[in-house]
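# Commentary on secondary and tertiary structure
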Amino acid sequence: MNQDIRFCKSADGVRLAYAVSGEGSPLVMSATWLTHLEHQWQSMAWRPWLDVCSHGHKLLRYDSRGCGLSDRDTDDFSFENWLSDFECVIEAAGLRRFSLLGTCWGGPIAIEYAARHPERVDRLILYGTYARGRMRWNDRPQEIEKAKLLLDLTRLGWGRENHAFQQVWASHFQPGGTLEHLRSWSNQQRAATSSETAVRLLRIGWNVDVTEAARKIKCPVLIVHPERDAVVPIEEGRLLASLISDGRFVQIDSENHMPLAEEPAWPRLVEELQRFLAEQSVTPDIGRSRLALGELTPRERAVLEGIAEGLDNTEIAASLELSEKTVRNHITRVFDKIGVEHRYQAIVRARDAGLGKNNRLTSSR
């Protein structure tokens, strides 16, 4: 599979590498713990995912800061930086609306992004992931102690096939894997990043909590989780599903956090992913090309312009020199005329009709 690798710069000047492969409807994958845009095509764990996701889709992936082809000489790591980098890559790739895939460590990034940018995300897939990081599992204190041990083993045995860490790693991520799977993991570790960076990233990923963001997601969501996953217990997958109003939970019969391409769970997973992505989302269905701008008064159109620019009611009121109550009344009439119920739907329809591109209200302030 050919991929086009490009680079962009984050808000704080970190060079980020991203890649596009395949053709079709856009699908964006949030970065996981170990990424290397080139090496992942050789990984026994990741190659099956990339083949499936690049077939019939324009797949966007990236290396997070400190990993792969992105800048590694940075000390500024945080969850907010991960979100900012994700936004930067999406903008650089020129994507406006897309489906989003978050696996394991990348799940919280995808959840937070979908909550903050409902106008951009059509459908969301969450695989083997969580709303609470491992250090937040206060109801399972033994797991927290195991996490601390894994951090030490990571630091000492990074990328070494014969080290005890690799046995622990294999038993967690792919207990059904072969020696070749173990070697593939070791190669990916060495290619992805240093042991010091890996530990720092793990600490951040294991301390996140996106439960509130999960409750705010508006798009359809598919949550898939292996039944006997040792990395992220099935209970965390069920908790995540309970937080999302429009989420469908699928449990697959596997002990592997990353399913093996040879086990029955893999074709079941692929079937679920393809069926979900093939379904038409209700949000773009609201007659994009039929937005009747001519039915809006000049003031109503100006209010819709502000909504498309991402302004809140207070900012629109200030820009148009109106009271917030008047703006709310205009919004009620606008929503009725364009046939939407929620603000994120209005943003999608307005932007598809060409509004919100010139920042006319913002520039007038």
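Above this text sits the structure in question.
Now for a quick tour of the structure. All of these numbers come straight from a predicted model, not from anything done at the bench.

Helix and strand counts for the chain stand at 15 helices and eight strands. The C-alpha radius of gyration computed for the chain amounts to 22 Å, which stays within 12% of the reference 21 Å derived for 365 residues, consistent with globular compactness. Reported as C-alpha extents along the three principal axes, the dimensions of the chain are approximately 70 × 45 × 40 Å. The buried share of the chain, reckoned over its 365 residues, is 58%. For the chain, the separation between the mean place of its 47 positive charges and that of its 50 negative charges on side chains is 3 Å.

Before going further, it helps to examine the pattern of salt bridges. The full count for this structure, using the stated rule, is 25 salt bridges. Close ionic contact of Arg200 with Asp75 constitutes a salt bridge, the shortest N to O distance being 3.8 Å. With Arg200 in helix H7 (residues 195–205) and Asp75 in the loop between strand S4 (57–62) and helix H2 (79–93), this pair connects stretches of sequence that are 125 residues apart. Residue class for Asp75 comes out exposed when judged on its relative accessible area of 65%. Here Arg268 and Glu272 are joined by a salt bridge, their closest N and O atoms 3.3 Å apart. Of this pair, Arg268 and Glu272 are both found in helix H10 (residues 265–278), four residues apart, which corresponds to roughly one turn of the helix. Bridged by salt links that share partners, the residues Arg132, Asp139, Arg140 and Glu236 form one connected network.

Bridge count for strand S3 (residues 25–29) against S4 is four bridges, and the pairing is parallel. Bridge pairing links Leu27 to Leu59 in S4. Once you follow S3 into helix H1 (residues 47–54) and on to S4, the crossover reads as right-handed.

Further remarks concern the packing of aromatic side chains. Applying the stated criterion to the full structure yields eight aromatic pairs. Centre to centre, the rings of Tyr62 and Phe86 are 5.5 Å apart; their planes meet at 25°, and the pair counts as stacked. With Tyr62 in strand S4 and Phe86 in helix H2, this pair connects stretches of sequence that are 24 residues apart. Among the aromatic residues, those joined into a ring-pair cluster are Trp46, Trp49, Tyr127 and Trp266. Just above the ring of Trp206 sits the side chain of Arg134; from NZ or CZ to the centre is 5.6 Å. In this structure, Arg140 packs its charged tip against the face of Trp137, placed 4.8 Å from the ring centre.

Before going further, it helps to examine H2. Its 15 residues give H2 an end-to-end C-alpha distance of 21 Å, which sits within 8% of 21 Å, the value for a rise of 1.5 Å per residue. Listed as buried for H2 are Phe79, Asn81, Trp82, Leu83, Asp85, Phe86, Cys88, Val89 and Ile90. Of the residues flanking the end of H2, it is Gly94, one or two places downstream, whose phi is positive at about 75°.

Packing of helix H12 (residues 313–320) against helix H13 (residues 324–338) leaves a shortest axis separation of 9 Å and a crossing angle of 105°. Classified by the angle between their axes, H12 and H13 sit roughly perpendicular to one another. On H13, the residues that touch Asn313, Thr314, Ile316 and Ala317 of H12 are Glu324, Val327, Arg328 and Ile331. For the contact of H12 with H13, the class distribution of residues is four nonpolar, two polar and two charged.

What follows concerns unusual backbone geometry. Not every positive phi belongs to a glycine, and Cys104 is a case in point at roughly 45°. The backbone of Glu321 shows a phi angle near 55°, a positive value even though the residue is not glycine. Turning to its location among the elements, Glu321 is positioned in the loop between H12 and H13.

Taken together, the buried positions of helix H9 (residues 234–243) are occupied by Ile234, Glu236, Gly237, Leu240, Ala241 and Leu243. Close packing links the buried residues of H9 with helix H3 (107–116), strand S6 (121–127), helix H8 (211–216), strand S7 (221–226) and strand S8 (247–252).

Procedures and definitions
- Residues numbered from 1 in each chain as written.
- Predicted model: local features only at pLDDT ≥ 70, side-chain atom pairs only at ≥ 80, totals over all residues.
- Heavy atoms only, no water.
- Helix = DSSP H or I, 4+ residues; strand = E, 2+ residues; numbered from the N terminus.
- Rg over C-alpha atoms; globule rule 2.2 N^0.38 Å.
- Buried < 20%, exposed > 50% of the residue type's maximum accessible area, 1.4 Å probe, protein only.
- Lys, Arg positive; Asp, Glu negative; His and termini not counted.
- Charge placed at Lys NZ, Arg CZ, Asp CG, Glu CD.
- Salt bridge = Lys/Arg side-chain N within 4 Å of Asp/Glu carboxyl O.
- Pairing = 2+ DSSP bridges.
- Right-handed = clockwise from strand over helix to strand, strands pointing away.
- Phe/Tyr/Trp six-rings, centres within 6.5 Å; stacked < 30°, edge-to-face > 60°.
- Lys NZ or Arg CZ within 6 Å of the ring centre and 35° of its normal.
- Expected span 1.5 Å × (residues − 1).
- Axes fitted to C-alpha atoms, helices over the stretch in contact; angles between N-to-C directions.
- Parallel < 35°, antiparallel > 145°, perpendicular 65-115°, else oblique.
- Contact = heavy atoms within 4.5 Å.
- Nonpolar A, V, L, I, M, F, W, Y, C, P; charged D, E, K, R; others polar.

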